[in-house]
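# Geometric and topological summary
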Amino acid sequence: MPALYAKIAVLLHTQASQASQMPTHSLRFFFNHYWRPFPVLVAAGALSAIYFGLTGTVWAVTGEFTRLGGQILHLAGVDTGDWAYFKLVKIQGGTLSRTDGWIVWGMFIGALITVLLSNSFKIRIPQQRRRWVQALAGGIVAGFGARLAMGCNLAAFFTGVPQFSFHAWIFIVATGLGTLLGTRLIKNRWWKGRPTLTKGKAAATPPGSLRIQPVVGGLLALGYACLIVYFFVSGLRPLGIAALFGAMFGILIERGQICFTSAFRDLWIMGRAVMSKAIIAGMALSAVMTIIVISVYGLSPITQIAAPSTFVGGLLFGLGIVMATSCETGMMYRLMEGQVLYLVVFIGNIAGATLLAYAWDHLGIYNLLVAPGEKINFVSSIGPTAAIVVTLAMLGLLYAYTLFHEKRHLSASLMAARA
C-alpha cells in the first residue's frame, strides 16, 4: 500500500506540474511564433467590416498622416487655412482627439505590445548610408501617391474593395504596375551598392533585456486597456472603439508580418504568392461582411473618386513602397521592432502626403488629374446583390491570376534547374 500511495503521489505531482506549465507553453506559442498570413488577413478583413458597422468609418492611416503634416506646418507658423486638401480631410482637434488618430497610434501600440511580449525588440540600424536616402525618397513618393489616390493600400484593399468603390480596382492595378517597376529599379547595381561585410557575429541582445521586455509589454498592455476603459466610461465611445480596433489591427499585422510590399515584390521576383492569396481572401470575407452590414444597418458605402489621379497615385505608391522596402503597415510594425530605418520612411510618408496637400490646388493637381473623375460605387450603380457578385468574381479572377503567375514562375525555375 505505501508503494501504491507513493506512485499515486508521483502521478498527481506530475499532472499538476504539467497543468501549471500549460499556460506558459500556450503563451510562448502565442508570442514566440509568427502567425500564418491567411488567418491573420481573414481576421483583419472581418475586423475591418465590424469596425465600419460600429462607427460608419473605415480602417485607414494615410489620411491621419496628412493631418499630422498639416498640424506640423501650423506649429511651424505656416498658414494652411486656404489649402483645399486640408479642408477635404478635415483637420479638427489634435490627433489624440480623432478616431483616425487612435487607429494609427493603436496600431503602433498593439504592434509594440506583441513585440515586447515576444522578446523581439532590438535596435537595428542599416549599415549602408544610401539606405537612409532610399527610405526617405521611397516614403515621400509613397505618401504623395497614396494621398493623390485618396488612400493607401488599406484604403483600397481593405476599405475600397469591400466598400464596393470602383476607384480601388484602378488603384490595385496601378499599384501592381508600380511595384513591378520598383522591383526593376532595385535590381540595379547602382541602387543596391556594394555589399557590406561584417566581421564576426552580430551583437546578441543582452539577457536582461529579454527578461524585462515581457514585463514592459505587459504593463503597456495594462495601461492601454485602462485608457480604452477610460474612453468608454467618459462617454468617448468612438475613441474607445478606435483605440481598441487600432490595437487589434496592430497585433495582427505584427504577428502576421503583414506587408503589401512583400506581397507584390515576392510575387514578381520569386513567384511566391502566400501573402497575395491571403490578402485576396481577407478582402473577400470583408466584402461579404460589409454588404451584410450595409443591408442590415442601412449604411452608405464610402466611395472615393475614380479619376486619372487614382491610377497615377497608385503607380507612385507602388513604386515608393518598393523603394522604401515597406508599405505603411510594414513600416509600422518594423519600426516597433526597433528598425530605425522605418522612422525615416514614416517621416517620408508624412512629408509626401503634405507635399500632395500643397500641390492639390497650388500646383493645379486637382484640376489636372482629379476634377475629370467621379465617384462610382457598385452598390448604388448595380444594386447590393450584383455588387457582391461582381466583387467576388473580380477577386476570383485576381486569385486565379496570382495562382497562374505562381505556377509559371515555379515552372520556369524548374526548367532553369534542369538546364
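Definitions and cut-offs
Once a new chain begins, its residue numbering starts again from 1 and follows that chain's sequence as written. Where totals are concerned, whole chains, interfaces and linings use all residues; where local detail is concerned, this predicted model gives features only for residues with pLDDT of at least 70, and gives and counts side-chain atom pairs only at 80 or more. Hydrogens and waters are ignored; side-chain quantities use all the structure's heavy atoms. Helix and strand definitions here come from DSSP, where helices need a minimum of 4 consecutive H or I residues and strands a minimum of 2 consecutive E residues; each element is numbered from the N-terminal end. Two residues form a contact once any of their heavy atoms are found within 4.5 Å. Computed with the Shrake-Rupley method and a 1.4 Å probe, the accessible areas treat only the protein chains shown as cover for residues. Nonpolar cores are built from buried Ala, Val, Leu, Ile, Met, Phe, Trp, Tyr and Cys residues. Side-chain atoms within 4.5 Å join them into one set. Each residue is placed in one exposure class: buried if its accessible area under a 1.4 Å probe, protein chains only, is under 20% of its type's maximum, exposed if it is over 50%, and partly exposed if it falls in between. Centres within 6.5 Å are what make two rings of Phe, Tyr or Trp a pair, Trp counting through its six-membered ring; a difference in plane orientation under 30 degrees is then read as stacked, over 60 as edge-to-face, and the rest as tilted. N or O atoms within 3.5 Å of each other form a polar contact, as long as, within protein, one can give a hydrogen and the other can take it, and as long as residues adjacent in sequence are counted only when both atoms are side-chain atoms. Helix span, as expected, comes to 1.5 Å for every residue beyond the first. The convention used is that axes are lines fitted to C-alpha atoms, helices contributing only their stretch in contact, and that angles between N-to-C directions extend from 0 to 180 degrees. Angles are sorted into four bins: roughly parallel if under 35 degrees, roughly antiparallel if over 145, roughly perpendicular if 65 to 115, and oblique for all others. Crossings are assigned a handedness: left-handed for a near helix turned anticlockwise from the far helix by less than a right angle, right-handed for a clockwise turn. Polarity classes work like this: nonpolar for Ala, Val, Leu, Ile, Met, Phe, Trp, Tyr, Cys and Pro, charged for Asp, Glu, Lys and Arg, and polar for all others, with Gly in that last group. By definition here, a salt bridge exists when the distance from a side-chain nitrogen of Lys or Arg to a carboxyl oxygen of Asp or Glu is within 4 Å.

### Let's talk about the overall build of the chain
Helices and strands together make up the secondary structure of the chain, namely 19 helices and 2 strands. Partitioning the contacts of the chain with sequence separation of at least 6, the portion at a separation of at least 24 is 83%. As displayed, the chain offers around 20200 Å² of accessible surface, 69% of which is attributable to carbon and sulfur atoms.

### Brief notes about the nonpolar core
Membership of the largest hydrophobic core comes to 86 residues, with the highest contact counts inside it found for Met107, Phe157, Phe164 and Ile279. Not counting residues up to four positions away in its chain, the partners in contact with Met107 are Trp59, Val61, Trp102, Leu154, Gly246, Ala247, Phe249, Gly250, Ile253, Thr329 and Met332. Counting 14 residues, the second largest nonpolar core, distinct from the first, contains Val89, Phe144, Leu356 and Ala359.

### Observations regarding the packing of aromatic side chains
In this structure the tally under the stated criterion is 20 aromatic pairs. The interplanar angle of 65 degrees and the centroid separation of 5.2 Å between the aromatic rings of Phe65 and Phe346 together place this pair among those described as edge-to-face. Of this pair, Phe65 sits in helix H3 (residues 62-75) while Phe346 sits in helix H16 (residues 341-362), and the two are 281 residues apart along the sequence. With respect to class, Phe65 is no different from Phe346; both count as buried. Each ring, one from Phe171 and one from Phe317, has its centre 5.5 Å from the other, and the planes form 40 degrees; the classification is tilted.

### Here we look at the side chain of Ser276
Within the secondary structure layout, Ser276 lies in helix H13 (residues 274-297). Within the local environment of Ser276, its side chain forms a polar contact with the backbone oxygen of Ala263, the two atoms lying 3.1 Å apart. In this structure Ser276 touches Ala263, Leu267 and Thr402, once residues within four positions along its chain are discounted.

### Notes on helix H2 (residues 37-55)
What sets the pattern is the α-helix's 3.6 residues per turn: residues three or four places apart point alike. A rise of 1.5 Å per residue sets the reference length of H2, with its 19 residues, at 27 Å; its end C-alpha atoms lie 26 Å apart and thus fit the reference within 8%. If you check which residues of H2 are buried, you get Pro37, Val40, Leu41, Ala44, Gly45, Ala46, Leu47, Ser48, Ala49, Tyr51 and Phe52. Elements in contact with the buried residues of H2: helix H5 (99-117), helix H7 (153-160), helix H11 (237-256) and H13. Note on H2: the residue one or two positions beyond its end, Gly56, has a positive phi of about 80 degrees.

### Examining the packing of helix H15 (residues 328-336) against H16
Two elements in contact, H15 and H16, have axes whose closest approach is 9 Å; the angle formed by their N-to-C orientations is 140 degrees. Taken together, the axes of H15 and H16 lie oblique to each other. For the pair H15 and H16, the sense of crossing is left-handed. The residues of H16 that touch H15, namely those facing Glu328, Met331, Arg334 and Leu335, are Tyr342, Leu343, Val345, Phe346 and Asn349. Considered class by class, the residues forming the contact of H15 with H16 number 6 nonpolar, 1 polar and 2 charged.

### Quick look at the pattern of salt bridges
What the rule picks out here adds up to 6 salt bridges. In this structure, Arg67 and Asp100 form a salt bridge, with 3.3 Å as the shortest nitrogen-oxygen distance. Here Arg67, found in helix H3, pairs with Asp100, found in helix H5; they are 33 residues apart in sequence, far enough to count as distant. One salt bridge in this structure joins Glu406 and Lys277, with 3.4 Å as the shortest N-O distance. Here Glu406, found in helix H19 (residues 384-418), pairs with Lys277, found in helix H13; they are 129 residues apart in sequence, far enough to count as distant. Residue classification places Glu406 among the partly exposed positions, given a relative accessible area of 22%. Three or more residues are tied together by salt bridges with common partners; here these are Glu64, Arg67, Arg98 and Asp100.

### Examining the environment of Ile365
Following the sequence through the fold, Ile365 ends up in helix H17 (residues 365-370). Along the primary structure Ile365 and Leu148 are separated by 217 residues, whereas in three dimensions their C-alpha atoms are 8.6 Å apart. Contact partners of Ile365, with chain neighbours within four places excluded, come to Leu148, Leu356, Ala359, Trp360 and Val370.

### Description of the packing of H13 against H19
For the pair H13 and H19, the least separation of the axes is 10 Å and the interaxial angle reads 175 degrees. Here H13 is positioned roughly antiparallel relative to H19, judged by the angle of their axes. Contact with H13, carried on its side by Ser276, Lys277, Ile280, Met283, Ala284, Ala287, Val288 and Ile291, involves Pro384, Ile388, Thr391, Leu392, Leu395, Leu398, Tyr399, Thr402, Leu403 and Glu406 of H19 and no other residues of that element. Here the contact of H13 with H19 is built from residues that sort into 13 nonpolar, 3 polar and 2 charged.

### Concerning the environment of Ile302
Examined against the element boundaries, Ile302 turns out to sit in the loop between H13 and strand S1 (305-306). Taking relative accessible area as the criterion, Ile302 reaches 27% and is therefore assigned partly exposed. Each C-alpha atom, one on Ile302 and one on Gly56, is 8.7 Å from the other, the two residues being 246 residues apart in sequence. Discounting residues that sit within four places of it in the chain, Ile302 has contacts with Phe52, Gly56, Thr57, Val58, Gln163, Ser165 and Asn377.

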